[in-house]
Amino acid sequence: MADLILRNVSHCLTMDDAETELRDVDILLRDGQIVEIGQRLESDAPSIDCRDCLVTPGLVNTHHHLFQTLTRAVPGAQDAALFGWLQTLYPIWSRFTPDHMETSAVIGLAELALSGCTTSSDHMYLFPNGSRLDDSIAAAAQVGLRFQPTRGAMSIGVSDGGLPPDALVEDEAAILEDCLRVIDAFHDPSPASMCRVGVAPCSPFSVSRELMRDAAILARDKGVMLHTHLAENDEDIAYSLEKFGCRPGQYAEDLGWTGDDVWHAHCVKLDGQEIDLFARSGTGVAHCPCSNCRLASGIAPVRAMRDAGVKVGLGVDGSASNDAGSLVDEARQTLLLQRVVRGPDAMSAREALRIATRGGAEVLGRGGEIGQIAPGYRADLAIWNMSGVEAAGNWDMAALLLAGPRRVRDLIVEGRRIVAEGQMASLDIEPHIARQRHLAQGLADG
């Protein structure tokens with residue numbers, strides 16, 4: 001892979017342990033890795049001029065449902081809470097095909113890239129009409145983002161007391177068999193990995209205790225991570241107390257779903273004991289503030305989690321419950337909501353951006369590989385133009401989340417330029433947008 005050098009970086013947020021901020025530096029990339037940072041570096045490599053730009057580590061998205069990009073702002077679900085929202089959308093999703101899945105994922109990943117995201121997870125938990133996790137993996141390869149897809153599942157349908165329709169649930173033995181298939185086919189544990197697969201039963205109200213336990217055993221046997229939804233809203237807590245006789249944190253611990261190889265989405269309703277449990281066990285949290293607001297789930301106790309030592313990253317959640325996929329907007333929303341709850345000094349713009357970068361890397365088990373700008377880390381960088389109208393009058397480039405662009409100028413993933421001058425450079429996105437319009441219209445027409 002050819003060298004690449006970022007020249008004249010006006011301001012660089014490294015996100016290292018010392019919270020180092022550098023000015024007027026060059027950053028040399030080689031073989032997908034950061035190799036040197038300094039002033040006026042000697043190199044004949046192709047260059048990107050970063051004068052008047054802020055450079056940050058690429059943002060890391062720890063929770064998404066990419067297939068939902070085709071079902072934004074569905075009228076019947078616009079004003080519903082989580083359970084009602086799901087019941088409106090399940091019948092629509094049941095008509096998806098592999099084409100819907102891949103097209104939706106391409107659009108969703110491109111949207112993330114334009115918001116500064118270099119690494120994304122995905123929680124795909126329904127597989128209608130021959131759809132497979134392979135569909136979103138193919139999409140990520142086209143877009144060029146570092147990818148952490150998880151093989152989700154639902155096994156308890158309405159007839160057995162669950163929430164999803166029976167047509168969308170799967171046999172539990174078949175679920176575990178397909179988890180093994182996709183791990184063996186796609187999981188790459190190397191530091192430069194562009195695809196790491198996880199195991200992710202959808203939620204406590206859509207799978208059995210046995211599947212949760214067996215999934216954890218399988219994942220640990222294969223050395224992959226575990227992911228699910230937990231404690232998302234009051235209905236979620238009530239369901240856990242009624243069906244399991246305990247709170248979600250206890251349920252997770254009893255079934256092997258705590259530890260540094262586990263991260264849970266949302267966790268809006270964690271109490272103090274559950275926060276302490278997550279801190280002690282190294283369990284991570286994917287905080288999804290915009291979706292939590294959109295569904296009126298509540299404000300997650302991020303300040304309390306961070307103070308206790310819980311690993312916290314950000315997620316955009318599915319585009320049907322957001323209804324956007326901008327990770328930089330999630331970071332801004334994070335600091336605003338914590339200030340609403342805890343006061344104006346509850347969270348700084350720098351800390352929220354740290355959660356969006358290094359925090360997410362640590363949640364996904366990649367803290368030593370991405371999320372920082374330092375020699376030896378992967379070359380995943382976001383370049384923000386601070387000379388445009390959105391940042392005009394900004395006195396502090398590092399306060400990007402207070403006053404700065406919401407769209408990245410350039411994005412580098414594994415040393416490759418994925419976004420250039422504010423446009424997708426890794427693929428022609430227009431045919432995919434046109435395809436999405438066609439597929440979405442077909443769903444709307446029934």
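As the structure is a prediction and not an experimental result, all values here were calculated from the model.

Each value, and the rule that gives it
Residues numbered from 1 in each chain as written. Predicted model: local features only at pLDDT ≥ 70, side-chain atom pairs only at ≥ 80, totals over all residues. Heavy atoms only, no water. UniProt positions renumbered as here; feature names shortened; annotations may be inferred. Helix = DSSP H or I, 4+ residues; strand = E, 2+ residues; numbered from the N terminus. Buried < 20%, exposed > 50% of the residue type's maximum accessible area, 1.4 Å probe, protein only. Pairing = 2+ DSSP bridges. Axes fitted to C-alpha atoms, helices over the stretch in contact; angles between N-to-C directions. Parallel < 35°, antiparallel > 145°, perpendicular 65-115°, else oblique. Left-handed = near helix turned anticlockwise from the far one by under 90°. Contact = heavy atoms within 4.5 Å. Nonpolar A, V, L, I, M, F, W, Y, C, P; charged D, E, K, R; others polar. Polar contact = N/O pair within 3.5 Å; in protein donor to acceptor, adjacent residues only side chain to side chain. Disulfide = S-S within 2.5 Å.

S.K.: I'd like a rundown of the UniProt feature "domain: Amidohydrolase-related" (unreviewed entry) in the protein, residues and numbers included.
M.R.: Following the UniProt record, one finds the feature "domain: Amidohydrolase-related" (unreviewed entry) at residues 54–390. Taken end to end, residues 54–390 is 42% helix and 15% strand, and its first and last C-alpha atoms sit 13 Å apart.

S.K.: Which residues make up the pairing of strand S5 (residues 53–57), and what values do they have?
M.R.: Regular strands place side chains that alternate from one sheet face to the opposite one. Across the five residues that make up S5, a large majority, five, are buried. By the bridge criterion, two bridges tie strand S1 (residues 4–13) to S5 in an arrangement that is parallel. Its bridge partner lying in S5, Cys12 is registered against Val55.

S.K.: Describe in detail the packing of helix H2 (residues 98–114) against helix H13 (residues 430–445), supporting the description with residues and values.
M.R.: Running from amino to carboxyl end, H2 crosses H13 at an angle of 130°, the nearest separation of the two axes being 10 Å. In terms of axis orientation, H2 runs oblique to H13. In this structure, H2 crosses over H13, and the sense of that crossing is left-handed. Contacts between H2 and H13 involve Asp99, His100, Thr103, Val106 and Ile107 on the former and, on the latter, His432, Ile433, Arg435, Gln436, Leu439 and Leu443. Split into classes, the residues belonging to the contact of H2 with H13 amount to five nonpolar, four polar and two charged.

S.K.: Please set out the side chain of Asp26 residue by residue, giving values where relevant.
M.R.: Tracing the backbone shows Asp26 in strand S2 (residues 21–30). Among the residues examined, Asp26 registers a relative accessible area of 3% and is labelled buried. Reaching out from Asp26, the side chain makes a polar contact with the backbone nitrogen of Asn8 at a distance of 2.9 Å. Residues contacting Asp26, with those up to four places away along its chain left out, are Ile5, Leu6, Arg7, Asn8, Glu36, Ile37, Gly38, Gln39, Arg40 and Leu41.

S.K.: Tell me about the state of the cysteines, and please be specific about residues and values.
M.R.: One pass over the full model with this rule turns up zero disulfides. Take Cys202: it sits in no disulfide, and the sulfur closest to it among the cysteines is that of Cys179, at 13 Å. Free of any disulfide, Cys267 has its nearest neighbouring cysteine sulfur in Cys288, separated by 9.3 Å. Look at Cys267 and you get buried, because its relative accessible area is 0%.

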